[in-house]
Amino acid sequence: MLPRQGVGAFYGASQSFKSFLVSDLALYVALGWEWAGRRVTQAPAVYIAAEGAAGLRKRKVGFERSHGDLPANVPFFLIGAAPNLGTEQGDLATLIAAIESEGVTPGLIVVDTLAQALGAGDENGGGMITFVANATALANHFRAFVLIVHHVGLGDDKRMRGHSSLIGALDAQILCERRDGELFTTLTLQKLKDEESRVKLAAHLSRVVIGQDEDGEDVSTLIVDRIEEVDAAPRASAPKSIPASQRLFMEVVALAIDEDGERFHPFPDGPPVRAVADDIVRERYYARIAEKPRPDDTPKKLADRQRQAFNVAVKANLNAKRIIAGGKNSERVLWLP
C-alpha cells in the first residue's frame, strides 16, 4: 500500500480515527509485522506528534498491553514537538539533525498533523508548496516514506484541505471515513503510483483501560483490533461528459507536452514533471479551433473570441484538476497531474 520512498497522505475528517490508524501502522512497521494482511518491510519509524503527543503515548501503551510481550527496543521514536516545515527558514535541517543524532535511519516518518507543521506558512499558497518541498527533501535524505496526517476541506469530506500542490506531489493517498458513534472506519487507497489504487479496508477499533488517574478514574484509549479488506468500489462507469471544447484543449495539451514539453521542477527538491509553456499550448489551440470569421468580424474581434475560448478552457480544466499550472522563468507552464 505504501512505497519504500516518497510522500503520502492519510487524511479524513475530525474524529475519523486517522491518527489511531497511522500510529498503529507505524508500530507495525517498526516491528515488521503484517498489517492489514500485507507484508511489511521492517524499518525504524519516527512519529512527529506535532499535536497530541500525550494522546500518542497513551495509544502506544494501549498497543503494548493489547499485544502482550513485545520485543525489547522496538525502533519506534516519538518527537513530541511541531517542526516548522512551511517556511523557507524553517526546521528541516534541525529535524534531520535531531533524527540523525539518535543514530536512527528511519524507513517511515509520520508528520501528524500537516496543519501543525506548517509554522506560519499559508496552507493555500506558498506555505503548502514549501511544506511539500521539505517533506520530499526529508524522504529523499533518509530514503524513507513520509506519511502526512491531514484534514479534509470545509464542505468536502473527500478532498484534502489546502493548495493543490500537495495532491500532485503525493505517491500515495488514503482517505479515512467514519460514521459518528461507531468504533469502525473505512480506509480507501485513492492513489498509489504505478499500482492498482482501488483497495478498500475496514478497520475495527475497541476501547481499553490502561490505568487510573489521581482520582481513581479509568484512563482509556482506543486500539485497532483488526483490519480487513472489503469489496473495493466498483470500477467507475463512463466519466461525466466533458464539453467538446475542454476535450479538445486536453488533447492539445497532451500533444504539446509530448512534442514540446521540457523537464521542470515545480517544487524545490521535489519530483520533476514534464511541462509545456502556456504560449505553445495557446498557439496550438488557436490552430485547432480555426474559427471562421463572422460577417461583422474584425481581426480584433476574432482574436478576442479565440483568446476568450482559450482562457475559458484553461480555467475549466484547472478547476477540474485535469491540468496543473505553475511559473517558470516568468512564464506560465502547464502539466498533467
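Everything here concerns the structure above.
Residues numbered from 1 in each chain as written. Predicted model: local features only at pLDDT ≥ 70, side-chain atom pairs only at ≥ 80, totals over all residues. Heavy atoms only, no water.

> Before we move on, could you go through the overall build of the protein chain and cite the residues and values that matter?
Each helix and strand in the protein chain was counted, giving 8 helices and 14 strands. When its C-alpha atoms are laid out on the principal axes, the protein chain stretches across 90 × 45 × 35 Å. Taking as baseline every contact in the protein chain between residues at least 6 positions apart, the subset at least 24 positions apart corresponds to 64%. As displayed, the protein chain offers around 17700 Å² of accessible surface, 49% of which is attributable to carbon and sulfur atoms. Across the protein chain, 40 positive and 44 negative side-chain charges occur, with their mean positions spaced 7 Å apart. (Helix = DSSP H or I, 4+ residues; strand = E, 2+ residues; numbered from the N terminus. Contact = heavy atoms within 4.5 Å. Areas by Shrake-Rupley, 256 points an atom, 1.4 Å probe, with all protein chains shown as cover. Lys, Arg positive; Asp, Glu negative; His and termini not counted. Charge placed at Lys NZ, Arg CZ, Asp CG, Glu CD.)

> An account of the pairing of strand 7 (residues 172–177) is requested, with residue identities and associated values reported.
Judged by how many residues are buried, strand 7 sits mostly within the fold: 5 of 6 residues are covered. Sheet analysis places strand 1 (residues 6–12) next to strand 7, joined by 5 bridges and oriented parallel. Opposite Phe10, over in strand 7, you have Ile174 as the bridge partner. Hairpin connection, strand 7 to strand 8 (residues 184–192): the antiparallel pair is bridged by 6 residues, and Gly181 has positive phi, about 85°. (Buried < 20%, exposed > 50% of the residue type's maximum accessible area, 1.4 Å probe, protein only. Pairing = 2+ DSSP bridges.)

> Now, about helix 4 (residues 126–142): what can you tell me, with residues and values included?
Taking 1.5 Å per residue, 17 residues should reach 24 Å; helix 4 reaches 25 Å between its end C-alpha atoms and fits that length. Most of helix 4 sits out of view: 13 of its 17 residues are buried. One or two steps after helix 4, the chain reaches Arg143, where phi turns positive at roughly 55°. (Expected span 1.5 Å × (residues − 1).)

> Before we move on, could you go through the packing of aromatic side chains and cite the residues and values that matter?
Where two aromatic rings form a pair, the distance of their centres and the angle of their planes describe that pair. Under the criterion given, the structure shown has 10 aromatic pairs. With 6.4 Å between their ring centres and 25° between their planes, Trp33 and Phe63 make a pair best called stacked. Of this pair, Trp33 sits in the loop between helix 1 (18–31) and strand 2 (45–49) while Phe63 sits in helix 2 (residues 53–66); the two residues are 30 residues apart in sequence, bridging distant segments of the chain. Judged by relative accessible area, which is 28%, Trp33 ranks as partly exposed. Of the residues examined, Phe63 reaches a relative accessible area of 4% and is grouped as buried. Taking the centre distance of 6.2 Å and the plane angle of 40° together, the rings of Tyr47 and Phe76 count as tilted. Residue Tyr47 is located in strand 2, and its partner Phe76 is located in strand 3 (residues 76–79); the two are separated by 29 residues in the primary sequence. (Phe/Tyr/Trp six-rings, centres within 6.5 Å; stacked < 30°, edge-to-face > 60°.)

> I'd like a rundown of the pattern of salt bridges, residues and numbers included.
Counted by the stated rule, this structure contains 12 salt bridges. Put simply, Arg38 and Glu229 hold a salt bridge, and the shortest N to O gap is 3.0 Å. Here the residue Arg38 occupies a position in the loop between helix 1 and strand 2, and Glu229 occupies one in strand 10 (residues 218–229), the gap between them amounting to 191 residues. For Arg38, a relative accessible area of 22% puts it in the partly exposed group. A single salt-bridge network, built from bridges that share partners, covers Glu259, Asp260 and Arg284. (Salt bridge = Lys/Arg side-chain N within 4 Å of Asp/Glu carboxyl O.)

> Talk me through unusual backbone geometry; I want residue IDs and the actual numbers.
Of the consecutive residues Asp112 and Thr113, the connecting peptide bond is found in the cis state with omega at 10°. Examined against the element boundaries, Thr113 turns out to sit in the loop between strand 4 (108–112) and helix 4. One non-glycine residue, Phe17, lies in the positive phi region at around 75°. Tracing the sequence through the fold places Phe17 in the loop between strand 1 and helix 1. With a relative accessible area of 8%, Phe17 lands in the buried category. A positive phi is found at Asn73, a non-glycine position, where the angle reads about 60°. A residue is classified by how much of its surface remains accessible, and Asn73, at 75% relative accessible area, is exposed.

> Got a sec to walk through the nonpolar core? Specific residues and values, please.
Counting 39 residues, the largest nonpolar core has Leu21 and Trp35 as the members making the most contacts within it. Beyond its immediate stretch of four places on either side in the chain, Leu21 contacts Phe10, Trp35, Thr185, Leu187, Ala203, Leu205, Val224 and Ile227. Grouped together as the second largest cluster of nonpolar side chains are 35 residues, Val46, Ala139, Phe142 and Val146 included. (Core = buried A, V, L, I, M, F, W, Y, C linked by side-chain atoms within 4.5 Å.)

> Give a detailed account of the packing of helix 1 against helix 2, specifying residues and quantitative values.
Helices that pack against each other are described as a pair by the angle of their axes relative to one another and the distance between those axes. Contact geometry for helix 1 and helix 2: axes closest at 11 Å, N-to-C directions at 55°. By the angle between their axes, helix 1 is oblique relative to helix 2. Of the two elements, helix 1 crosses helix 2, and the hand of that crossing is right-handed. Residues Ser19, Phe20, Ser23, Asp24, Leu27, Tyr28 and Leu31 of helix 1 form the contact with helix 2, whose own contacting residues are Leu56, Arg59 and Phe63. Tallied by class, residues from the contact of helix 1 with helix 2 come to 6 nonpolar, 2 polar and 2 charged. (Axes fitted to C-alpha atoms, helices over the stretch in contact; angles between N-to-C directions. Parallel < 35°, antiparallel > 145°, perpendicular 65-115°, else oblique. Left-handed = near helix turned anticlockwise from the far one by under 90°. Nonpolar A, V, L, I, M, F, W, Y, C, P; charged D, E, K, R; others polar.)

These figures come from the coordinates and say nothing about function on their own.
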